[in-house]
Amino acid sequence: MGQTATMTDYNAMSDDAFRGEVRTYFEQHYPQDLRFMARRLRWAEIRDWYFTLSRKGWIAPNWPREYGGMGLSPQKMIIFLEEIERWGIARAPDHGIVQVGPILIKFGSDQQRKEYLPKILAGEYIFCQGYSEPNAGSDLASLRTAAVRDGDHFVLNGQKIWTTLAQESTHMYILVRTDTTVKKQAGISFMLLDMKTPGVTVRPIRNLAGHEEFCEVFLENVRVPAENLVGELNRGWTIAKALLSFERINIGSPRRPQYALKRLAQLAKSKGLFDDPGFVDRFTELRLDMTDLASIYSRYVEIVKRGEVLGQDVSLLKIWAMETWQRLTELLMEVAQEYGCVAGEIDIDGVKVDVLSPFYYSRPATIYGGSSEIQRNILAKYVLNLPS
Amino acid sequence: MSEPDDDSHAALLAQSVDDFVKRGTSLARVRKLRDDPAEYDRTIWKTMAELGWLGMLVPEAYGGLGLGLSEAAIVARGLARELVPEPLTAAAVLATGALVAGDNGALQQSLLPQIVAGDLLPVLAWQERAGTLDVTAINAQAIAAKGDWRLNGEKRFIAGAAGADGYIVSVVSTVAAAGLELYWVPREAEGVALRLETLADGRHFGVLTLNDVLVPAAHRVAGVAVARTVLDQAIDHAAVIVGAELCGVMGRALAMSVDYMKTRVQFGKAIGSFQALQHRAVDLYVQQQIASAVLEEALPALDRKPDAVTRAALASRVKARCSEAGLRITREAIQIHGAIGFTDEYDAGLYLKRAVVLAAWLGNAQEHRRRYARLVPPEFE
């Protein structure tokens, strides 16, 4: 499969017509049994969908059409994302689409674009993200994995951790230290690594939910061709920070917890809890926390639709969305009473519900992508302008 | 409301509010009026009339600006930042809104121009008991008296009553088409007695007693056919504008706290450098942003005149969120300031006390959340 430029100009369609086409396609083609999954799907489960979208030309809605994407305007992109959420479509391994593609388009060489973009579109290259290290979590810039130039190669030594689905990825985009003598942010470079390179060892880590989704990756004298450096040497921090607006608001989407809220409502109804004013008070408070999240979310969506750059204040979205989600899963657990500790999907008074999965999966939501505490630091420093 | 002028009206109003708060009012004035049973200043009220604020929701035919809640919110929010004590929401939104929506054209013709000019200050006396927004939960009565009406009853929680010139009173009429009606009752009418309850912020709730008060049929603001709708709408709209006031109050209280954190030095550093306090301030900022997002989403939606359930649900969301956030931010402002925050001399307390009043008036957060739950059942599928 080569680089098939999408012929349709979706931006020329009316919003309603575009939404209708996307919705119909999703409803007709997305596997029913994979809707609203509580966990990350494995490549074996989701790859058919990836290939389906790829053949349709819809796998990279955010990429320009000349690179095989849909070239959606911010307005249309929001609609596309809304329809994904509405239908409960699971997240495929999308780092190549969301991160690597746009980064190569902006910072990469022609050669890199030609080599990687078509293979990402085709699902031939699956990327994982090599950022965190055992001693570089929230303080990511202190990462130590070393890349030392040796002729036409960089030689990598070090360790990455919390690398989601590394065991199923063909490639890693990785931040490495290329200068130890300067300010920590100024000595980091961005590279692409083939996971089959000798010296790469992947060890999956079992998470609280019982799944092996994240991994440790050990790098021992791994030789990476010098042409795999993306952008300039020691400019990796800037490249990694150039996050897309969509990613920054998508994490705060109010639709993510909708399914859990409906399950909670069903369960509460079957238990007669809506006759209990104490429960109704707590439930309504949570519902309004989510409804009001939608109000502030749409404020940011409008900014993105206008093509404007989001400010640091968008951090508040992640804090509120994720903390609200956690409280929702906690109430679900409480309402389930003794069933609240039973693993897997169970039938409680006629309602089929997995109580523990949402509870588990909402835990790291306040840790990954910048913990709630880091988000608060960002708001304190850049928005409230408090001293350090 | 004429669409193309929306933005220019908003900009002009914002400018007039800015000018007014710089020159026309101060916290010293607010403090002085705290001890005054008159509660507010009728010369300032006249100024507000000249700025067009008293006629924002009044049709142009009656001398008003014919604008919407979006514009009223700009003014209310701006004035609340400086704790302006004049009863803009009580008179120009709640009472005037009821009169405008009523079905007595002749009475509108005679009263509205005086209201817009600031010469007549009306308040709405609808409530008799705490803890309900049900406008029919009343005992006040109107009994037919030879073509006129005789009113009896007691009304409570009447904001702005201290210096009002008259009251729009809800009663149940006891004739054939029995039901809720609204009457205009001038302050000086015989049988009218007003008692004042002092509120946290030094303002007052009026307790109005009507003892065989004789009113002509011509003073019926709204008849049985419309009175309930008129009241429900006026209360929803006023609750939203109170939400705007709360946004003004919390915005100023938060700014005050953050400024204090930057200047107050302990342990050799500005206390704003301590992470525990930073995160505390950020949580307040998050609540403030959510409150203002809910308000800003509700205002244009309400100006598009939605059905009654949508309107009430929006109003409840705004009042619940703004009350909760307003109270939290002003409470924590005291904590962030430390002991100085607990003194009467320092301004943080003024903001807390105003938030306490605004949060309680027209239904507190809990009450509005419960109403929302009744109005909008949860989704099960």
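Treat the numbers as computed from the prediction; the structure is a model and nothing was measured. (Residues numbered from 1 in each chain as written. Chains lettered and ligands numbered in written order. Predicted model: local features only at pLDDT ≥ 70, side-chain atom pairs only at ≥ 80, totals over all residues.)

Lay out the overall build of chain A in plain terms, naming residues and giving numbers.
From N to C terminus, chain A includes 12 helices and 10 strands. The C-alpha radius of gyration of chain A comes to 22 Å, within 12% of the 21 Å expected for a compact globule of 388 residues. Dimensions of chain A along its principal axes, counting C-alpha atoms only, are 75 × 50 × 45 Å. Taking all 388 residues of chain A together, 39% fall into the buried category. A separation threshold of at least 6 residues defines the contact pool for chain A, and within that pool the share at least 24 residues apart is 72%. (Helix = DSSP H or I, 4+ residues; strand = E, 2+ residues; numbered from the N terminus. Rg over C-alpha atoms; globule rule 2.2 N^0.38 Å. Buried ≥ 20, exposed ≤ 12 C-beta atoms within 10 Å, placed from the backbone. Contact = placed C-beta atoms within 7 Å.)

Break down the overall build of chain B for me, with residues and values.
Scanning chain B for helices and strands turns up 11 helices and 10 strands. Against the compact-globule benchmark of 21 Å for 381 residues, chain B has a radius of gyration of 21 Å, which places it among compact chains. With the principal axes as the frame, chain B shows a C-alpha extent of 80 × 55 × 40 Å. Counting every position in chain B, which comprises 381 residues, the buried fraction comes to 54%. In chain B, of all internal contacts separated by at least 6 residues, the share reaching a separation of at least 24 is 76%.

Describe in detail the interface of chain A and chain B, supporting the description with residues and values.
Interface size, as often reported, equals the accessible area lost upon joining of the parts. Each partner contributes residues to the interface: chain A has 27 residues there, and chain B has 28 residues. Top element by residues in the side of chain A that touches chain B is helix H9 (residues 277–305) of chain A. It accounts for 12 residues. When the residues that make up the side of chain A that touches chain B are grouped by side-chain class, the tally is 13 nonpolar, 6 polar and 8 charged. (Nonpolar A, V, L, I, M, F, W, Y, C, P; charged D, E, K, R; others polar.)

I'd like a rundown of the confidence of the model for chain B, residues and numbers included.
In this model, chain B carries a mean pLDDT of 95, and residues with pLDDT of at least 70 account for 98%. We note a pTM of 0.93 for the whole complex and an ipTM of 0.92 for its interfaces. (pLDDT = per-residue confidence, 0-100.)

Would you mind going over H9(A) in detail, with residue names and values included?
Helix length check: H9(A), at 29 residues, gives a terminal C-alpha distance of 41 Å against a target of 42 Å (1.5 Å per residue), a fit within 8%. A:Gly307 lies just past H9(A) and shows a positive phi near 80°. (Expected span 1.5 Å × (residues − 1).)

So what about the domain arrangement of chain A? Which residues, and what values?
Residue and element names in this part refer to chain A. Partitioning chain A into domains gives domain 1 (10–121), domain 2 (127–235) and domain 3 (245–383). The C-alpha centroid of domain 3 is placed 24 Å from the C-alpha centroid of domain 1. At the junction of the two partners, domain 1 supplies 13 residues and domain 3 supplies 15 residues. Per-element tally for the side of domain 1 that touches domain 3: the top contributor is helix H3 (residues 74–86), with 7 residues. (Domains from an automatic or database assignment.)

How would you explain the packing of helix H8 (residues 275–303) of chain B against helix H9 (residues 308–337) of chain B if you had to name every residue and give the values?
All names here are of chain B. Between H8 and H9, the shortest axis-to-axis distance is 9 Å and the interhelical angle comes to 155°. Between H8 and H9, the angle falls in the class roughly antiparallel. For the crossing formed where H8 meets H9, the hand is left-handed. Of H9, the residues touching H8 (which contributes Leu277, Arg280, Leu284, Gln287, Gln288, Ile290, Ala291, Val294, Leu295, Ala298, Ala301 and Leu302) are Arg311, Leu314, Arg317, Val318, Arg321, Cys322, Ala325, Arg328, Ile329, Glu332 and Ile336. In terms of residue class, the contact of H8 with H9 is made up of 15 nonpolar, 2 polar and 6 charged. (Axes fitted to C-alpha atoms, helices over the stretch in contact; angles between N-to-C directions. Parallel < 35°, antiparallel > 145°, perpendicular 65-115°, else oblique. Left-handed = near helix turned anticlockwise from the far one by under 90°.)

Describe the domain arrangement of chain B, listing the residues and the values that go with them.
Residues and elements named next belong to chain B. Domain boundaries assigned for chain B yield domain 1 (3–121), domain 2 (124–222) and domain 3 (227–375). Elements that contribute at least two residues to the side of domain 2 that touches domain 3 include exactly strand E3 (148–159) and strand E5 (179–186). Sort the elements by how many residues they give to the side of domain 2 that touches domain 3 and E5 lands first, with 3 residues. Of the residues contributing to the side of domain 2 that touches domain 3, the split by class is 11 nonpolar, 3 polar and 3 charged.

Summarise the environment of B:Asp344; cite the residues concerned and give the values.
Secondary-structure assignment places B:Asp344 in the loop between H9 and helix H10 (348–360). Along the primary structure B:Asp344 and B:Ala95 are separated by 249 residues, whereas in three dimensions their C-alpha atoms are 33 Å apart.

Explain the pairing of strand E2 (residues 146–150) of chain A to me, using residue names and the numbers behind them.
All names here are of chain A. For E2 and strand E3 (residues 153–164), the ladder comprises 5 bridges, and the chain directions are antiparallel. Following the sheet pairing, Val148 is matched in E3 by Val155. Joining the antiparallel neighbours E2 and E3 is a turn of 2 residues, in which Gly151 adopts a positive phi near 65°. (Pairing = 2+ DSSP bridges.)

Residue-level account of unusual backbone geometry, with values.
Even without being a glycine, A:Trp162 presents a positive backbone phi close to 60°. Position of A:Trp162 among the secondary structure elements: in strand E3. Positive phi is not limited to glycine here, since B:Asp212 has a value of about 50°. Inspection of the secondary structure puts B:Asp212 in strand E7 (residues 204–216).

I'd like a rundown of the pairing of strand E1 (residues 127–130) of chain A, residues and numbers included.
Residue and element names in this part refer to chain A. Of the two faces of E1, both are covered, the one formed by Phe127 and Gln129 as well as the one formed by Cys128 and Gly130. The sheet contact formed by E1 and strand E4 (residues 171–177) spans 4 bridges and is parallel. Within the sheet, the bridge partner assigned to Gly130 lies in E4 and is Ile174.

Quick rundown of the nonpolar core? Include the residues and the values.
Of all hydrophobic cores here, the largest spans 225 residues; its most connected members are A:Met191, B:Ala98, B:Val123, B:Leu151, B:Ile168, B:Val169 and B:Tyr183. Top element by residues in this core is helix H7 (residues 227–263) of chain B. It accounts for 20 residues. What B:Tyr183 contacts, discounting residues up to four positions off in sequence, is B:Ala142, B:Trp149, B:Leu151, B:Val169, B:Val171, B:Val215, B:His219, B:Arg220 and B:Val221. (Core = buried A, V, L, I, M, F, W, Y, C linked by C-beta atoms within 7 Å.)

So what's going on with the packing of H9(B) against H10(B)? Which residues, and what values?
Residues and elements named next belong to chain B. One can describe the packing of H9 onto H10 by two numbers: an axis separation of 9 Å at closest approach and a directional angle of 160°. With respect to their mutual orientation, H9 and H10 come out roughly antiparallel. In the packing of H9 onto H10, the handedness of the crossing is left-handed. Of H10, the residues touching H9 (which contributes Ser323, Gly326, Leu327, Thr330, Arg331, Ala333, Ile334 and His337) are Ala348, Gly349, Tyr351, Leu352, Ala355, Val356, Leu358 and Ala359. Taken together, the residues of the contact of H9 with H10 break down into 10 nonpolar, 5 polar and 1 charged.

Please set out helix H12 (residues 372–383) of chain A residue by residue, giving values where relevant.
Turn by turn, an α-helix covers 3.6 residues, leaving residues three or four places apart pointing in a common direction. Between the first and last C-alpha of H12(A) there are 15 Å, a value that for 12 residues agrees with the 16 Å anticipated at 1.5 Å per step. Within H12(A) the residues assigned to the buried category are A:Gln375, A:Arg376, A:Asn377, A:Leu379 and A:Ala380. Against helix H10 (315–335) of chain A together with H8 of chain B lie the buried residues of H12(A). Of the residues trailing H12(A), A:Asn385 is marked for its positive phi of about 55°.

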